[in-house]
Structures are given as C-alpha cells and as structure tokens.
Amino acid sequence: MADVLVLGGGIAGLSAALFLARSGHYVQLIEADAASAPVNPDYTLRGWPRQGVAQFGHGHAIHALARRTLRQCAPDVLRTLAAAGAGERDFGTHIPPAEREPEDDELVAILVRRSVFEWALRRAVEVEDHIDIAAGRRGVGLVACDGRRVPGVAGVGTGDGGTFRAPWVVDATGRKSRVTAWSVELGAAAAEVSWLYSGTRYYARHFRFTGAARPPASEWHFGPAGDLGYLRFSVLEEDRDSFVVTLNIAPTDQELRVLRDAEAWTRAASCMPVLGEWLALAEPISDVYVIGGLSNTFVRHGPTTAVGGVIPIGDALCHTNPTHGWGVSMALHHARLIAEALNRGQAPTPAGTADIVATLSRFSLPYYQAAAAEDTERARLAAGEDRDVTNLDNPLFIRKVAYAQAAKDTKLYRAVQRRIHLFDDPTVLARDRDLLTYAAQLAPTAVLTSGPSRPELLDRLTSTRLAGN
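Read on for a plain summary of the structure.

## Side note on the packing of aromatic side chains
Next up, step 1: Under the criterion given, the structure shown has 11 aromatic pairs.
Next up, step 2: Ring geometry for Trp195 versus Tyr197: centroids 6.4 Å apart, planes at 10°, classification stacked.
Next up, step 3: Given a relative accessible area of 54%, Trp195 falls into the exposed group.
Next up, step 4: Between Phe209 and Phe243, the ring centres sit 4.9 Å apart and the planes meet at 40°, which makes this aromatic pair tilted.

## Considering the packing of helix α1 (residues 11-21) against helix α9 (residues 327-343)
Next up, step 1: Interaxial distance between α1 and α9 falls to 8 Å at its minimum, and their mutual angle equals 30°. The orientation of α1 relative to α9 falls into the category roughly parallel. Where α1 crosses over α9, the two elements pack in a sense that is right-handed. Mapping the contact onto sequence places Ile11, Ala12, Ser15, Ala16, Phe19 and Leu20 in α1 and Val328, Ala331, Leu332, Ala335, Arg336, Ile338, Ala339 and Leu342 in α9.
Next up, step 2: Of the residues that constitute the contact of α1 with α9, the class distribution is 12 nonpolar, 1 polar and 1 charged.

## Some words on the sheet that holds strand β5 (residues 131-135)
Next up, step 1: Ordered in space as β5-β2-β1-β9-β18, the 5 strands form an open sheet in which the pairing is parallel. Two strands bound the open sheet, and with one partner strand each, they are β5 and β18 (310-312). Strand-to-strand twist across the sheet, computed as the mean angle between neighbouring axes with direction ignored, equals 20°.
Next up, step 2: Note: strand β1 (residues 4-7) against strand β9 (residues 168-171), 4 bridges, orientation parallel. Bridge assignment links Val4 to a residue of β9, and that residue is Trp168.
Next up, step 3: In the packing of helix α10 (residues 350-382) onto the sheet, the strands contacted are β9 and β18, and the crossing angle to β18 comes to about 5°.

## Digging into the nonpolar core
Next up, step 1: In this structure, Leu70, Val77, Leu81, Ile110, Phe117, Ile313 and Ile338 are the most contacted members of the largest nonpolar core, which totals 95 residues.
Next up, step 2: Top element by residues in this core is α9. It accounts for 10 residues.
Next up, step 3: For Ile338, the residues in contact, after removing those within four places along its chain, are Leu20, Val170, Ile311, Ile313, Ile356 and Leu360.

## Quick notes on the pairing of strand β7 (residues 153-158)
Next up, step 1: In terms of residue burial, β7 counts as a mostly covered element, since 6 of its 6 residues are buried.
Next up, step 2: In terms of strand pairing, strand β6 (residues 139-144) meets β7 through 5 bridges, oriented antiparallel. By the bridge assignment for β7, Gly141 is matched with Gly157.
Next up, step 3: Both β7 and strand β8 (residues 163-165) contribute to a ladder of 3 bridges, which runs antiparallel. Within β8, the position partnered with Gly157 by the bridge is Thr163.
Next up, step 4: Hairpin geometry of β7 and β8 is characterised by an intervening segment of 4 residues between the two adjacent antiparallel strands and by a positive phi of about 90° at Gly161.

## Details of the pattern of salt bridges
Next up, step 1: On inspection of all chains with the given rule, the structure shows 31 salt bridges.
Next up, step 2: Its salt-bridge partner being Arg336, residue Glu340 comes within 3.0 Å of it at the nearest N-O pair. Taken together, the residues Glu340 and Arg336, both in helix α9 and 4 residues apart, mark about one turn of the helix.
Next up, step 3: A salt bridge links Asp424 to Arg418; the shortest N-O distance between them is 3.1 Å.
Next up, step 4: On the basis of relative accessible area, Arg418 is assigned to the buried category, the value being 12%.

## Comments concerning helix α12 (residues 410-420)
Next up, step 1: Of all the 11 residues making up α12, 10 are buried; the element is thus mostly covered by neighbouring parts of the structure.
Next up, step 2: Elements that come into contact with the buried residues of α12 comprise α10, α11 (397-405), α13 (426-431) and α14 (433-442).
Next up, step 3: Sitting at the head of α12, Asp409 places a side-chain oxygen 3.1 Å from the backbone nitrogen of Lys411.
Next up, step 4: Leu422, located one to two residues past α12, shows a positive phi value of around 65°.

Rules behind the numbers
Residues numbered from 1 in each chain as written. Predicted model: local features only at pLDDT ≥ 70, side-chain atom pairs only at ≥ 80, totals over all residues. Heavy atoms only, no water. Phe/Tyr/Trp six-rings, centres within 6.5 Å; stacked < 30°, edge-to-face > 60°. Buried < 20%, exposed > 50% of the residue type's maximum accessible area, 1.4 Å probe, protein only. Axes fitted to C-alpha atoms, helices over the stretch in contact; angles between N-to-C directions. Helix = DSSP H or I, 4+ residues; strand = E, 2+ residues; numbered from the N terminus. Parallel < 35°, antiparallel > 145°, perpendicular 65-115°, else oblique. Left-handed = near helix turned anticlockwise from the far one by under 90°. Contact = heavy atoms within 4.5 Å. Nonpolar A, V, L, I, M, F, W, Y, C, P; charged D, E, K, R; others polar. Pairing = 2+ DSSP bridges. Core = buried A, V, L, I, M, F, W, Y, C linked by side-chain atoms within 4.5 Å. Salt bridge = Lys/Arg side-chain N within 4 Å of Asp/Glu carboxyl O. Polar contact = N/O pair within 3.5 Å; in protein donor to acceptor, adjacent residues only side chain to side chain.

This is the structure we're talking about:
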C-alpha cells in the first residue's frame, strides 16, 4: 500500500510524484502509456509514444516559476536538462544595473522542448527509490473507504481488474479527467465547471539552426511573436540549437487548415518577415503538430465536492489557453503545494482535502479568469465588433499594449515579466492603474504585425498547390 497514488505520468504527475517522494512519501504512479523514456533526449519527439499527451509535440514556454520550483525541489532535474542541451534566458539582464532589485534575479526561464522537459522529469522519477511506476495501467474508478459516513478514498481500480490502495490520490490526468465523475459516484456533490472555448487552433513545427548564425534575441520574451488579426505566430527558443514556430488560426477558418501540410506551413511561415529570417538559418526536425478544441477550464471545488484524499492538480483543476504557456509552471507549483501540505500532516478527510484544493484554486483562478477574459474579447473582435484594445479596461490591453511597450520602462518591464512568469498573478498588473495609464501613453494606438493579408496569404498558398500539381 502506497502513501500516495498519482494518476497520470505527464508533467503534473511526474512532478507531484517526485516532490512527494523526496518528502518521504511512498508513491505509486499509474500511467496509461506503457513506453519508458528514451535514453537520448533527441528521440523524445519521434521515439517516445505519448498518445495520452495531446500537446507533447508542441512548444511550451518553461517560465521562471517552473525553474525556481525545480531549483528548490529537484535541482538534479535542472542539471539533467543542462546536460541535455537546455539553455536559459535571464530576463533580468535587460534591467539596468542601477535599477535592478533582488527579485529580478529570479526572472530566469528554461529554453527547452516540452518533450525534453518531460523526459528529464521522467528520468528522475524512474530512478527514485520511493516511486513505483505502473506503466500501461489505466485508472477506471475510485475505491471508497469502508465504513465512512462521508466520502473518502482508499485507492483506485484499474482497467485490468487490479486495485492500487492509498489514502491519497492525486489526479494528474489532465483536461479530460474523469475523476470528478468518479467522485460523484462515491457520493460527493458535482463540482461546478467554468468553461470557455479558447477559439484557436495550433500548427507547430520544430527547427534546428544549421550554422553559427542566429537572429537577434528578443528583449522581453522567448522569441519573436506577431498578430496579423487572422493569424498569430510565435517563436520559442529551445534546447540544442532548436526552436519551435507556432501558427495560430481561428478554428472556423477552414481554408487555412491547409497549414497541416508541411509545404503549406513552410510557405505561410516564410511570408512573415521575422519568421523568414529564422527559417532561412535552420532546417526542420519535426513534422507539423496540430492541436485544437482547447478551452479555458476551471473546476470549482468546495467542501461538498471533496472526496477525502482526492486532489486534482494541473490541467485537471485548471487549464488556460496555451498561448500564455502557464500550464507547466502551474503544474509544478501545484505539486509543490501538495507536498508541503502532506508534510504538515494534513489528514485525508473531506475537510482536509478541501483545504488543500482551496489553496491550489486560489493560486489558479486568477489565471483562468485572465485567459477567459482575453479570449472572450478576442472572439468579439473576430466577430467584427468595434473594440478598442487601447482602453485600459479592455481585457486585451495588457497583452496588446503593456506587453508591447514593456521594454521602454523598467517598472513596466518588471511588472510584465512577473506576470508572464507567474510570480505575480494577473490581477497585480491589472490593478496598477498608474502603470497601465503610462503604458497607454507610450502606445496611443495598437498596430498589427506587418505581413500578408489573409487574401494575399491564401493566394500564395493556392499558387503553391497549383504549381505542385
């Protein structure tokens, strides 16, 4: 019998298992995918089948909160990442020395492929004495405590008829989690789910530089990004001279779904002036990864929804539009909070469990609210409504104006970076009206990124297909 069962071996589950084990708990990790991590991190994209992780091949910003959490809870994982070729970006270096504050030293992010980041966690988990991995096993329901008047968990049943027992169950099964439904079967009230469609579809491809030449690094983010209105793009620098380019379109744009084709994707990306500069210096190292149907979701738990000992973390509790890249840092922070709670001797009662989930929720809710508000506003713009993003009260003001002007002022830059890297929740900058007013003065009008119009891009893609035929 384990002290804790962790359902799901993605980033949230791996970090929870690792932090709990290193706090002295015996952990059983139940993971549906059977394959172990490859020895070589370069094989993670093509040689590690992770069917249970839809976003596995996509890019992901590993923000400074994630790095700080690893530095404090699992520094060996940082060393593994460095040995695998991961880099770092110190955003504090852009603050003049005379204006630098001690907190700026933490503004360091990790430059690495998401698949390699998960690989490093998995390698640490696989050699941890206090963790057993049940690979290729899938949880199908909660096992209730016998003789309890209130819901409590005693373990998890698996699809092959087996049972794993523990007084704590960490739900790290992601955005399609069924654990809330299983909790209702044990007698808990149904949790309220707040949901908003993110309204975007992602087409990502990884590249590696072929020589020593590099485009100039971004002053305030992981790489260049732009918004043409009908299409958004971003670049994230990664490990071993690699980077990922993501093109985002509206899910309703059927014509631009041709971007799933590698030739069409390359032609479209090359049409963007800043992307063309990057692609000219590199070669592709992956196919085009596509993901859609994503939403902003927050599962609102309370005292009546709690099953004693069952804790949702990561995307099972809250997930936001991946454009923000908040998921990994949020998952690691959840894992740390759980380890700290169990180290304090929290009992696996419904009340004790509800206290832990409330702590996780207080951290997560502002991120859900900010992402949902932005996507609501973006949908109104896409529908043709006349919306002023330069208005301080517009949900897109911070992303469209404050972010774009951040490099011009140290105080604004610091506030933006602390929001991006999850050191300050999104409400902190939103409440600073003086700073936002100053940002508005720096940018009286909003300007879209230069690039082809949608008809021009479609014409180029059509011409390419016709020439190919």
